[in-house]
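These are the residues of each chain, in order.
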Amino acid sequence: MDRIKVLAVAPYPGLVTVLEGVTPDYPDIDLTIHLGDLESGLNAAHAAFSENFDAVISRGGTAQILEEELSVPVVEIELSTVDILRQTQSIPVEGPRLAAVGFGNAFAKLKSASDLLPRPVDVRTVDFADEVPLALDALVASGHVTFLCDNVAFETARKRGLDARLLISGPDSVRQALDRVLFYFAQWREGMARNRLLWQIIQNQPGNIVLYYEGGRLVYSDLPEKQGWILGEIEARFAEGSERMVFQRAHRIWRVRRSTIQGDGTRYVEFLVTSSREPVRGGMAGIEYLGKDEVERGLAESVFRAAGAEALVSGQVAAAVRSRRPVMLRGEVGCGKDQIVKMLYLAGDRTGRPYVSVDCSLLIERSFEFLTESYTSPLYESGQTLCLKSIHALSLDRWHELLAVIRQTGICDRNFVLLSGNDREDGSEPDSLATFAEQLHCHVLTVAPLRARPDGVAPAVLGYLAHASREAGRKPPTMDDDALRELEEFPWPRNYLQLRKVIDWLLATCHDGRITVVGVREALARERTTRFSSTSTPSEGSTLDLLRPLADIERDVARIVLESCNGNKSRAAKTLDISRTTMWRLLK
């Protein structure tokens, strides 16, 4: 580290002696001493400006004037209380009041020490040297005999033959001034090092930079004020050590990447904040970014938890997480795959990072193109949990393309990848699921249907009935044995999705606090009117309840056909043998 070049302007010889005695204790300071009065010191400081001094130290009025004239830091050698008492102890106790004359900054401690002086003191401060004679004349006229002076007043008083005592700064006061020089320059060097570090970080970086000390104190942020909410999100997750965060807000997707950097012996935590405009609705169809809290809330509110199904698969979830491989979930529609992937996320070691859900059954042409080709696609991110569900709904060309992209980008090496799909109606595995599982070396988790629960269907029925009653703010109705037996014998082809629909209907239509077998049969009869869409495998959202107004059924038919045509409205209209105008009207 370069030594700090300091010019010391000593207005009296005694200060030179003190400076020379103290300086050896400060090896980091290169001290040059100039002896002279205020005017001489000012001329010396100006003359030495070309020598690139880092700071100037001086005393009293000289320091005050130098500070006004120079652009480099000026540190004053103060007059301490100890200095004042040491130099006034020889003054007799008896006698007229003492007088103190000089620049105000020299006598800052004199007033606080006045009670300790042998006699009361009247302090007369000046702002300019030519005010000193007038101040002395006034004090002499008022009967003062002994004068405590700074250097400027001392020289004038001596010329007038007055009893003048020069108040000088001792070694401790000089040390305090040199310590302040070291402190100021330590702060300045830290600031310069920080600025160099920030410039190194910021140049050529996209987005915004937020920098913290390793302990969590904010160092720097170039986020605009309206984006200050991002700091709150970062600080809330700081201790978690999340390397990547994703937020959706104000029609933009915000990505935050964390890294630790070293600078000037200090460790910093840097966050790079980038954002991109949220693609138009079609571009993001089927793609959703969730945080840990949202995933936990979704699982807590699910029929899967209410029906007590989590405990039945906890062992399978733990084994899948331990495998450290991509996980493929297969099973019937509605058997709980969506909830199990959330359990896998929460049981893994990436809960501080995004959970990205891609519903392949909702991907239209535009969103599929975004997924496979855009640099902002979740397929090109790292450190997150990525769930690709309903793979069975992709056409042959699309699932081939998606699989190729996954393999080429090595996404499974950079993320915790979860995949899911529905079995065919005959229970066989679709080719897409089998191929993904084989090519990506997946840990396969087969989810049992509701009717195959080892504890039977009854606990699921009663568990969800109790949950739904609490949510409705009412006491759970009683259920006849025949009614419960009827529900146990139902095949539940849509599993927990169908269970929720049936129980909700029973709860809504039960007015006397009792569910009877008649009510159950009516509810199940409604379910038997349900037909699946024309896609080869049913999905969670592709059903038609025919016991509704015709206009509602027509709208849902149009929606289902549009999904099967990957969002191509012209092809969907042609399939239904209607005009595009009619198609638009049905989708309103």
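As a starting point, this report considers the structure included with it. Just so you know, these numbers come straight off a predicted model, no measurement behind them. (Residues numbered from 1 in each chain as written. Predicted model: local features only at pLDDT ≥ 70, side-chain atom pairs only at ≥ 80, totals over all residues. Heavy atoms only, no water.)

### Some thoughts on helix α20 (residues 481-489)
Of all the positions in α20, only A483, L484 and L487 are classed as buried. Looking down the long axis of α20, one finds its buried residues gathered within 95° of arc, a one-sided arrangement. Residues of α20 that are exposed and angled more than 90 degrees away from the buried face: D481 and E489. Looking at the buried residues of α20, the elements they touch are α19 (458-472), β20 (478-479), α21 (495-509), β21 (514-515) and α22 (517-528). (Buried < 20%, exposed > 50% of the residue type's maximum accessible area, 1.4 Å probe, protein only. Helix = DSSP H or I, 4+ residues; strand = E, 2+ residues; numbered from the N terminus. Arc of directions from axis to C-beta. Contact = heavy atoms within 4.5 Å.)

### Looking at unusual backbone geometry
With a phi close to 55°, H441 is a non-glycine residue in the positive phi region. Turning to its location among the elements, H441 is positioned in the loop between α18 (431-439) and β19 (443-446). Of note in this structure, W492 is not a glycine but carries a positive phi near 50°. Topologically, W492 is positioned in the loop between α20 and α21. W492 gets classed as buried once you look at its relative accessible area, which sits at 0%.

### Considering helix α13 (residues 310-322)
Residue pairs spaced three or four apart in an α-helix point in one direction, given the helix's 3.6 residues per turn. Here α13 is 13 residues long and its end C-alpha atoms lie 18 Å apart, about the 18 Å a rise of 1.5 Å per residue gives. At Q316, α13 shows its largest bend, some 30°. Along α13, the positions that sit buried rather than exposed are E310, V313, V317, A320 and V321. For α13, the secondary structure elements touched by its buried residues are α11 (292-300), α12 (303-306), β15 (327-331), α14 (337-347) and β19. Backbone geometry just after α13 places R324 at a positive phi near 60°. (Expected span 1.5 Å × (residues − 1). Bend = angle between axes of the 7 residues up to and from the residue.)

### Looking at the packing of α11 against α14
The N-to-C vectors of α11 and α14 enclose an angle of 140°; their axes lie 10 Å apart at closest approach. In this view, α11 runs oblique relative to α14, as classed from their interaxial angle. Regarding α11 and α14, the two cross each other, and that crossing is left-handed. Contacts from K292, V295, E296, G298 and L299 of α11 reach α14 at Q339, K342, M343, Y345 and L346. When grouped by side-chain class, the residues that make up the contact of α11 with α14 number five nonpolar, two polar and three charged. (Axes fitted to C-alpha atoms, helices over the stretch in contact; angles between N-to-C directions. Parallel < 35°, antiparallel > 145°, perpendicular 65-115°, else oblique. Left-handed = near helix turned anticlockwise from the far one by under 90°. Nonpolar A, V, L, I, M, F, W, Y, C, P; charged D, E, K, R; others polar.)

### What about the sheet that holds strand β5 (residues 98-103)?
Strand order in this open sheet of four strands is β6-β5-β7-β8, and the pairing throughout is parallel. Edge positions in the sheet fall to β6 (121-126) and β8 (163-166), since each of these pairs with one other strand and no more. Each strand of the sheet is rotated relative to its neighbour by a mean of 25°, with strand direction disregarded. Bridging between β5 and strand β7 (residues 146-149) involves three bridges; their strand directions are parallel. What sits directly across from V101, in β7, is C149. (Pairing = 2+ DSSP bridges.)

Nothing here speaks to function; it is all geometry.
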